[in-house]
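Descriptive analysis of the structure
Chain residues, written in single-letter form:
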Amino acid sequence: MKTRFKHYFPLLLFCVTFGLLFSFMTVSSTIHAEEAQPIATETTNTPSESETTTETTTENTSNSNEQTTDTTTAEETTSANDPIKIEYDEATDIHSAENGNIILYCMNDALHWPHDTPTYQAPTYTYVNIDTTNLSPALIQKIQTLLYAGYPYNGLNLYKVVSEPVIMSENEFNALLSPPDWLRSDFYNTLGDTIFTYDDYKNKTENYQKLVQFTTEMASYYGSTTPSGHSYADITNTSFYNAIFFMLYSDNPLEYYSREFGTDYAVTEEQAYTSTAYALWKLMYDNGITNNNISDVSRYPLAVKLLNASATLLSEEPTSDQIKVVGDTTFRYNKADGKWYTGTLTLQVPDTYYGDFTLTLPSGIETTTGTTSITNNGSFVLVSQEEPSKDTSMELASTLAYIYGKTRVYIPAAGAVDSNGKGFQNMVGAMIQQKKIAATTALSVEPYTEDPGTDPGTDPGTTPSTQDPASKTEQINNEKETKTVQSVATTSVQTSTQTHILGSFFGLLITTMGLMFITKRNH
């Protein structure tokens with residue numbers, strides 16, 4: 001037996017050694033694999049300052065600021081069939097109804113005014129809604145637009161009321177001294193191709209004498225027409241005639257003309273009212289409404305502007321919650337000039353909110369342009385010499401016109417005429433009122449700590465960076481590189497454990513088979 005054992009001893013040693021070695025190599029590789037697995041971490045990559053987008057929400061905080069002006073919705077004191085007397089204010093020359101709440105305009109310039117005078121007594125009137133008349137829908141829309149845009153509502157923000165008239169320059173006056181072609185042709189011997197200027201008035205030149213002769217000649221067409229078929233009224237309606245009238249019969253043509261007819265924007269209340277009245281008469285004339293002779297309103301620049309107006313009218317009550325301010329409302333310190341700036345702010349309101357919005361700011365804060373009047377989609381930047389208070393705000397407010405009812409046409413009593421058989425004008429008035437709305441927007445302040453090593457930059461409204469751009473980039477890259485995936489580490493550990501068990505099994509199996517073989521041989 002000893003001989004046999006000695007004979008098979010090398011084979012037994014080989015099997016045991018191979019089995020143990022295989023088991024040991026498997027365990028060793030598993031241990032190293034587990035040691036190599038990193039700790040499973042998941043890091044959220046924080047964006048840099050330049051990658052972060054901040055959205056500022058502006059909240060309306062002033063619904064309580066909504067106010068209705070004196071032109072509130074009138075409680076109707078009359079019905080359509082009740083006869084009324086048209087109200088008249090001698091101081092302003094304005095006609096109205098419903099205790100002054102509906103401003104009226106005359107529709108027939110060739111007929112009598114609807115108020116009493118020393119020579120006649122005005123009749124009573126009744127009204128109908130304009131859409132029940134035989135006026136075309138297009139004309140009705142034009143009338144409503146004109147009344148909405150005209151005096152006193154200025155609903156389209158086409159003009160600005162000033163206390164004193166704006167006096168025109170000599171160059172502006174010279175532009176009025178060019179007669180229309182038909183007038184040059186009808187009075188060729190006096191007007192012809194002559195160029196007239198304000199100097200003719202100052203120096204009483206030969207051209208000035210031509211103007212004197214022209215006024216004499218035109219008088220012969222009173223009650224008739226010129227060779228081109230124009231009436232005397234057509235002549236007197238031109239801006240040319242009215243300009244030379246003041247050259248011939250006043251001591252200051254520039255001032256008198258300016259006071260009488262105004263500009264197309266800055267006008268007195270009287271000029272705004274008169275321009276609206278003439279625009280309506282011209283509209284009636286152009287649409288063939290009888291008893292109208294106003295064929296030219298070029299001498300009233302605002303009247304021309306009103307006639308050309310076209311827009312969607314506000315037909316519902318405006319509200320403060322429609323006022324939005326978009327942009328960065330945070331003040332930031334600008335080291336370049338030592339001031340505090342917000343970002344660019346933009347006013348956004350519905351397109352039918354045509355008014356100017358007045359910007360009210362705390363003491364020490366202003367816009368960079370100095371303006372305090374903002375319109376829809378208008379942009380501005382706020383600036384402060386000193387660090388603003390943390391609890392500060394701004395207000396935007398406007399008074400807007402809106403239509404609250406049907407436009408009315410007031411008609412004189414049937415058969416109403418004066419002693420000479422001359423009738424009275426129809427009147428028209430829109431149901432319009434005005435309402436003040438306002439909204440407050442909170443402003444914030446970003447604290448600033450001075451860093452001597454910082455490049456402040458030069459752009460207003462920007463905050464100087466307190467971190468070197470290169471180090472900031474390196475930090476971002478490091479953060480990105482530390483991110484690992486936990487599931488991969490877990491899978492590797494599981495695989496190593498399975499390999500360890502399998503290797504040990506095969507090692508023991510080989511050893512056992514070797515022992516069994518030797519034992520069998522010994523027996």
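Predicted, not measured: the structure shown is a model, and the values here were computed from it.

Once that is clear, we can look at the overall build of the protein chain. Each helix and strand counted, the protein chain has 13 helices and 20 strands in total. Counting the 523 residues in the protein chain, one finds 41% classified as buried. Across the protein chain, contacts joining residues at least 24 apart in sequence account for 74% of those joining residues at least 6 apart. Looking at the protein chain as shown, the accessible area adds up to about 28,700 Å², and 52% of this sits on carbon and sulfur atoms.

Moving on, we come to a negative patch on the surface. Taken together, the side chains of D89, E90, D93, E260 and E270 present a region of like negative charge at the surface. Here D93 lies in the loop between β2 (87-89) and β3 (94-97). With relative accessibility at 31%, the residue D93 sits in the partly exposed group.

Checked against the element boundaries, D251 lands in the loop between α8 (239-249) and α9 (253-261). Overall, the relative accessible area of 61% leaves D251 in the exposed class. Between the C-alpha atoms of D251 and Y201, which are 50 residues apart in sequence, the distance is 9.8 Å. In this structure D251 touches Y201 and Y256, once residues within four positions along its chain are discounted.

Opposite charge on two side chains allows them to pair when their charged atoms are near. Throughout the structure, instances matching the rule amount to 11 salt bridges. Between E164 and R259 there is a salt bridge; the shortest N-O distance is 3.5 Å. Remark: R259 occurs in helix α9 and E164 occurs in the loop between β6 (160-161) and α3 (170-176); sequence separation between them is 95 residues. Residue E164 is classed as partly exposed on the basis of its relative accessible area of 48%. Of the charged contacts in the structure, one is a salt bridge between K202 and E170, with a shortest N-O distance of 3.3 Å. Residue K202 is found in helix α5 (residues 198-203), and its partner E170 is found in helix α3; the two are separated by 32 residues along the sequence. A relative accessible area of 44% means that K202 is categorised as partly exposed. Overall, the relative accessible area of 31% leaves E170 in the partly exposed class.

Pairing is antiparallel across the open sheet formed by 3 strands, whose spatial order is β8-β11-β15. Two strands bound the open sheet, and with one partner strand each, they are β8 (324-327) and β15 (379-380).

Further remarks concern unusual backbone geometry. Cis geometry is found at the peptide bond from Y151 to P152, where omega equals 5 degrees. Residue placement: P152 occurs in the loop between α2 (137-149) and β6. A positive phi is found at K204, a non-glycine position, where the angle reads about 50 degrees. Here K204 is to be found in the loop between α5 and α6 (206-218). We classify K204 as partly exposed; its relative accessible area is 43%. Even without a glycine there, the phi angle at N377 is positive, about 70 degrees. Positionally, N377 belongs in the loop between β14 (373-374) and β15.

What follows deals with α9. All buried positions along α9 are accounted for by P253, L254, Y257, S258 and F261. Viewed along the axis of α9, the buried residues span an arc of 120 degrees, placing them on a single side of the element. One or two steps after α9, the chain reaches G262, where phi turns positive at roughly 70 degrees.

A word on the nonpolar core. If you look at the biggest cluster of nonpolar residues, it comprises 107 residues, and the most contacted ones within it are Y105, I143, F173, F214, L382, Y410 and V428. Beyond its immediate chain neighbours, meaning those up to four positions away, F173 contacts M168, Y198, A243, M247, P253, L254 and Y257.

Here we come to the sheet that holds β3. With antiparallel pairing, 6 strands are arranged side by side in an open sheet as β2-β3-β4-β19-β18-β5. Only two strands of the sheet have a single neighbouring strand rather than two, namely β2 and β5 (125-129). Across the sheet, the axes of successive neighbouring strands diverge by a mean angle of 35 degrees, strand direction being ignored. In this structure, β5 lies alongside strand β18 (residues 408-412), joined through 5 bridges in antiparallel fashion. Of the residues in β18, the one forming a bridge with Y125 is P412. Here helix α10 (residues 269-286) sits on the sheet in contact with β3, β4 (102-106) and β19 (427-429), set at roughly 55 degrees to β4.

A few words on the packing of aromatic side chains. Counted under the stated rule, the structure contains 25 aromatic pairs. Positioned above the aromatic ring of Y201, the side-chain terminus of K204 is 4.3 Å from the ring centre. Here R408 stacks its cationic end above the ring of Y127, 4.0 Å away from the centre of that ring.

We now examine the confidence of the model for the protein chain. The predicted model of the protein chain has a mean per-residue pLDDT of 81, with 71% of residues at 70 or higher. Note that pLDDT drops below 50 for residues 1-6; the model gives that stretch 6 contacts with residues more than four away or on any other chain.

Attention now goes to the environment of S295. Inspection of the secondary structure assignment puts S295 in the loop between α10 and α11 (301-307). Among the residues examined, S295 registers a relative accessible area of 18% and is labelled buried. Sequence-wise, S295 and T236 are 59 residues apart; in three dimensions their C-alpha atoms are separated by 10.0 Å. Look past the residues within four positions of S295 in its chain and what remains in contact with it is D234, N237, K282 and Y285.

What follows deals with the side chain of D234. If you trace the backbone, D234 turns up in helix α7 (residues 232-236). The side chain of D234 sits in the buried core without any salt bridge; R299 is the nearest counter-charge, 9.3 Å away. A distance of 2.9 Å separates a polar side-chain atom of D234 from the backbone nitrogen of S231. With sequence-adjacent residues up to four places away left out, D234 is seen in contact with W182 and S295.

Reading the values: the criteria
- Residues numbered from 1 in each chain as written.
- Predicted model: local features only at pLDDT ≥ 70, side-chain atom pairs only at ≥ 80, totals over all residues.
- Heavy atoms only, no water.
- Helix = DSSP H or I, 4+ residues; strand = E, 2+ residues; numbered from the N terminus.
- Buried < 20%, exposed > 50% of the residue type's maximum accessible area, 1.4 Å probe, protein only.
- Contact = heavy atoms within 4.5 Å.
- Areas by Shrake-Rupley, 256 points an atom, 1.4 Å probe, with all protein chains shown as cover.
- Patch = residues over 30% accessible without salt bridge, like charges linked within 9 Å, V, L, I, M, F, W, Y side chains within 5 Å.
- Salt bridge = Lys/Arg side-chain N within 4 Å of Asp/Glu carboxyl O.
- Lys, Arg positive; Asp, Glu negative; His and termini not counted.
- Charge placed at Lys NZ, Arg CZ, Asp CG, Glu CD.
- Pairing = 2+ DSSP bridges.
- Arc of directions from axis to C-beta.
- Core = buried A, V, L, I, M, F, W, Y, C linked by side-chain atoms within 4.5 Å.
- Axes fitted to C-alpha atoms, helices over the stretch in contact; angles between N-to-C directions.
- Phe/Tyr/Trp six-rings, centres within 6.5 Å; stacked < 30°, edge-to-face > 60°.
- Lys NZ or Arg CZ within 6 Å of the ring centre and 35° of its normal.
- pLDDT = per-residue confidence, 0-100.
- Polar contact = N/O pair within 3.5 Å; in protein donor to acceptor, adjacent residues only side chain to side chain.

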